[in-house]
Amino acid sequence: MDKKYYQLLKAQFTSKEAVLTEIINLSAICELPKATEHFMSDVHGEYDAFNHVLRNGSGSIKEKLRECFPEISAAELSSLATLIYYPQEKLDLEFNRQTKATFENDCRQKLIQLLATVQFVGRKYTRSKVRKAFPEKFRYILEELINEAQATKDKQDYFDAILQKLQDLGELPSLIIALADTIRRLTVDHLHIVGDIYDRGPHPDKIIDRLTKMPSVDVQWGNHDIVWMAAFSGSPVAMMNVIRICSRYGNLDILEETYGINLRSLLAYAAEYYQPSPAFEPRLTEEGSLSLSEKELLNQLQQAAAILQFKLESQLIIRRPDFQLAHRDVLHKINFDKQTIELEAKTYPLENFSAPTIDPKKPERLTTEEETIVHHLLKNFRCSNKLRDHVQFLQEKGAMYLRYNGNLLIHGCLPLHENGDFKSFRLADKAYSGRALLDFFDQEVRTCLAHPEESTDLATDIMWYLWVGECSSLFGKTAMTTFERYYIKDKTTHIEKKNPYYQLREHPEVIVRILENFDLPQDGHLVNGHTPIKEKNGENPIKAEGKLIVIDGGFSKAYQKETGIAGYTLLYNSYGIQLVAHQPFSTVKEAVEKGSDIISVKRLVQEVKERKRVKNTNIGQKLIENIQDLEYLFEHYESY
């Protein structure tokens, strides 16, 4: 095998000199500063805010501009930053404001500034990487301009001639856009999405479309992502949950318009059997965006989806006793004559409980009409080409967790007992805990995705367990109290008790134990999303003496009243780790016209004593292995 490997390796290099050149090249790359990683979490369909934070690199671009142009005014710096964030929109605005001559002269000056910025942000990369960051259409001309931007007197005419010809041909705006795109790409090298792209906000589809165009990205699945993946992959209970949440937040467009899922039969069914109920009022972030009749239809649809969800969940609980979810089989705990429910040995009256299609003797059973509707909807989900593409992206780029550059990225938690031991999930005669538990869940997710025609197999049912299960690393609570919040007035029943992890993660020794379980160094960090940090109440997102960072700060508008901010992001470059807290985003129009930006406050999480190099990263380790193989080939070149 080794001989064949080195023969194939030799085929890539036609001479010993070519091998030597590659060894020197890779060795030099290993000594470059580590590139910047950007962490985002719980974006929940808020595309505009997500896109803006992505475009401004969590404030990194403005910092780079301040370093590159210390002499320019704050207004000029803001204008230049906006041009980099939204080049097309900014150019369109200036074109309509200015005369042709003024606009062309301004473009020329901006182009020169952007060339200087590219040189500045590209300092820590190889020339080859900077070149590849240019759009292919303008790669040659941009490389020439970059090299001659600081031209000597002898070559100034050469540089000016290039600019003049570009101006004459009307290509200066196109080059400005290309340079702005390059600057954004070089400022942040790799993006981590630590879960929950879906639900709450209206445009998770746009977020995924944007991510597919990113040169380097990974995703750690969140519970809201998993439930959408499960709906596509054949889980009827997950599908009804998706429809219920879209109804609750007024986001049916994502189902009907974006993914082409026909809800007509379910809408007719909901209108026939349910009347609007106060508990099912849709939660809208923009009042007045829907008419009264539209709100009532969402209300009815949400009720219908909820009852169907509870029926289907009851079926799953009955066929999966190993899941230990019997305490959540709420339909079998109802006294339908008295309209009460018994939970944990206490009886509660039900408020506005309407379930006209439930048979009290067999509450989990679907009617013939309901079976037809569920079958039809499942077929619609499975046949959505766009949803298939998005789920495939999540499958290819995603996982239950990620070990990257010494850090552990997990959306939710590592289920623990109160004493800090890993909590086990038992299935048949096997028990899974810690890293092994997440590996097991990851495997089952991929099995489910590979067989979307199955609806009641173990892998598909585990997708639902990941949404509601006590040992789910994506949920991490004893119960999902959806039923109680709809139908029981006593709010003590609404409480969802969290796994001890959420208290124990304050202790550095617990995080060290988790890192060791994942074969990571003790000086690494654990990055979490999932639980919004209530900063306005004084909660600190940096925990366990800096070893754990929670970056769910409320991108979703539905959470911002609780959190007091509009999301956290994390930056990890060669100098250390910074946490960035963001204020709410207004609109792209306001950002372009007024230069408004998300106000970001950065906190230092860790500052390294020595600047980290590429050789200290995951990519660097692969390069070092490649160098070792090349060195062996160089020494034994003639043998192969």
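Bear in mind that the values here come from a model prediction, so they are computed numbers and not experimental data.

Chemist: Pulling in residues and values, what's your account of the overall build of the chain?
Modeler: Broken down by element type, the chain carries 27 helices and 17 strands. Computed over C-alpha atoms, the radius of gyration of the chain comes to 28 Å, within 12% of the 26 Å expected from 2.2 N^0.38 for 640 residues, which places it in the range of a compact globule. Oriented by its inertia axes, the alpha-carbon framework of the chain measures out at about 95 × 70 × 45 Å. Summarising the internal contacts of the chain: among those between residues at least 6 apart in sequence, 72% fall at separations of at least 24. Roughly 28700 Å² of accessible area belongs to the chain as shown, and the carbon and sulfur atoms make up 48% of that amount. Computed over 81 positive and 91 negative side-chain charges, the separation of the two mean positions in the chain equals 2 Å.

Chemist: I'd love a proper account of unusual backbone geometry, names of residues and values included.
Modeler: Within the chain, Arg-200 stands out as a residue other than glycine whose phi angle is a positive 75 degrees. Tracing the backbone shows Arg-200 in the loop between strand 2 (190–193) and helix 12 (204–212). Residue class for Arg-200 comes out buried when judged on its relative accessible area of 16%. Positive phi values are uncommon outside glycine, yet Glu-545 reaches one of about 55 degrees. Looking at the element boundaries, Glu-545 is found in the loop between strand 13 (542–543) and strand 14 (548–550). With relative accessibility at 75%, the residue Glu-545 sits in the exposed group.

Chemist: Lay out the packing of helix 4 (residues 60–68) against helix 5 (residues 74–85) with the relevant residues and their values.
Modeler: Two numbers describe how helix 4 lies on helix 5: the axes approach to 10 Å, and their chain directions differ by 130 degrees. Overall, the two elements helix 4 and helix 5 adopt an arrangement that is oblique. Of the two possible hands of crossing, helix 4 and helix 5 adopt the one that is right-handed. Across from Ile-61, Lys-62, Leu-65 and Arg-66 in helix 4, the residues of helix 5 making contact are Leu-77, Ser-78, Leu-80, Ala-81, Ile-84 and Tyr-85. Here the residues of the contact of helix 4 with helix 5 sort into 7 nonpolar, 1 polar and 2 charged.

Chemist: Lay out the confidence of the model for the chain in plain terms, naming residues and giving numbers.
Modeler: Mean pLDDT over the chain: 90, with 94% of residues reaching 70 or higher. Mean pLDDT per element in the chain: helix 25 (residues 560–563) is the minimum at 56, and strand 7 (residues 398–399) is the maximum at 98.

Chemist: Can you tell me about the sheet that holds strand 5 (residues 340–343), naming the residues and giving the values?
Modeler: Strand order in the open sheet formed by 3 strands is 4-5-6, with antiparallel pairing between adjacent strands. The open sheet terminates on both sides in strands that have one partner only, identified here as strand 4 (334–335) and strand 6 (346–349). Relative to strand 5, strand 4 is paired through 2 bridges, and the arrangement is antiparallel. Note on strand 5: the bridge partner recorded for Ile-334 is Ile-341.

Chemist: An account of the pattern of salt bridges is needed here, citing residue identities and associated values.
Modeler: Evaluation of the coordinates by the stated rule reveals 21 salt bridges. Salt bridges sharing partners connect three or more residues here, namely Lys-90, Glu-94 and Arg-97.

Chemist: Describe in detail the packing of aromatic side chains, supporting the description with residues and values.
Modeler: In total, this model carries 27 aromatic pairs according to the counting rule given. Ring centres 6.1 Å apart and planes at 50 degrees place the aromatic pair Phe-323 and Phe-425 in the tilted group. You can see Phe-323 sitting in the loop between helix 17 (292–319) and strand 4 and its partner Phe-425 sitting in strand 10 (residues 425–427), a full 102 residues away along the chain. Taken individually, Phe-323 and Phe-425 each receive the classification buried, so the pair is uniform in this respect. A network of ring pairs unites the aromatic residues Phe-280, Phe-310, Phe-336, Phe-353, Phe-483, Tyr-486 and Tyr-487 as a single cluster. A cation over an aromatic ring shows up here: Lys-16 above the ring of Phe-634, its NZ or CZ 4.5 Å from the ring centre. Taking the ring centre of Tyr-572 as reference, the NZ or CZ of Lys-34 above it sits at 4.0 Å.

Chemist: Give me the lowdown on the nonpolar core, citing residues and values where you can.
Modeler: In this structure, Ile-197, Leu-211, Trp-228, Ile-243, Leu-255 and Phe-353 are the most contacted members of the largest nonpolar core, which totals 191 residues. Here the element with the most residues in this core is helix 17; it accounts for 11 residues. Counting residues in each nonpolar core, the second largest holds 13 residues, with Leu-9, Ile-23, Cys-30 and Ile-627 among its members.

Chemist: Residue-level account of the sheet that holds strand 9 (residues 407–410), with values.
Modeler: With respect to topology, 5 strands assemble into an open sheet ordered 8-9-12-14-13, the strand pairing being mixed. This sheet does not close on itself; its edge strands, each paired only once, are strand 8 (401–404) and strand 13.

Chemist: Could you give an account of the packing of helix 13 (residues 223–232) against helix 19 (residues 385–397), naming the residues involved and the relevant values?
Modeler: Packing of helix 13 against helix 19 leaves a shortest axis separation of 10 Å and a crossing angle of 130 degrees. Considering the angle they form, helix 13 stands oblique to helix 19. Of the two possible hands of crossing, helix 13 and helix 19 adopt the one that is left-handed. Packed against helix 13, whose contacting residues are Trp-228, Met-229 and Phe-232, the element helix 19 presents Leu-387, Arg-388, Val-391 and Leu-394 at the interface. For the contact of helix 13 with helix 19, the per-class residue count stands at 6 nonpolar, no polar and 1 charged.

Here is what the cut-offs are and how they apply
Residues numbered from 1 in each chain as written. Predicted model: local features only at pLDDT ≥ 70, side-chain atom pairs only at ≥ 80, totals over all residues. Heavy atoms only, no water. Helix = DSSP H or I, 4+ residues; strand = E, 2+ residues; numbered from the N terminus. Rg over C-alpha atoms; globule rule 2.2 N^0.38 Å. Contact = heavy atoms within 4.5 Å. Areas by Shrake-Rupley, 256 points an atom, 1.4 Å probe, with all protein chains shown as cover. Lys, Arg positive; Asp, Glu negative; His and termini not counted. Charge placed at Lys NZ, Arg CZ, Asp CG, Glu CD. Buried < 20%, exposed > 50% of the residue type's maximum accessible area, 1.4 Å probe, protein only. Axes fitted to C-alpha atoms, helices over the stretch in contact; angles between N-to-C directions. Parallel < 35°, antiparallel > 145°, perpendicular 65-115°, else oblique. Left-handed = near helix turned anticlockwise from the far one by under 90°. Nonpolar A, V, L, I, M, F, W, Y, C, P; charged D, E, K, R; others polar. pLDDT = per-residue confidence, 0-100. Pairing = 2+ DSSP bridges. Salt bridge = Lys/Arg side-chain N within 4 Å of Asp/Glu carboxyl O. Phe/Tyr/Trp six-rings, centres within 6.5 Å; stacked < 30°, edge-to-face > 60°. Lys NZ or Arg CZ within 6 Å of the ring centre and 35° of its normal. Core = buried A, V, L, I, M, F, W, Y, C linked by side-chain atoms within 4.5 Å.

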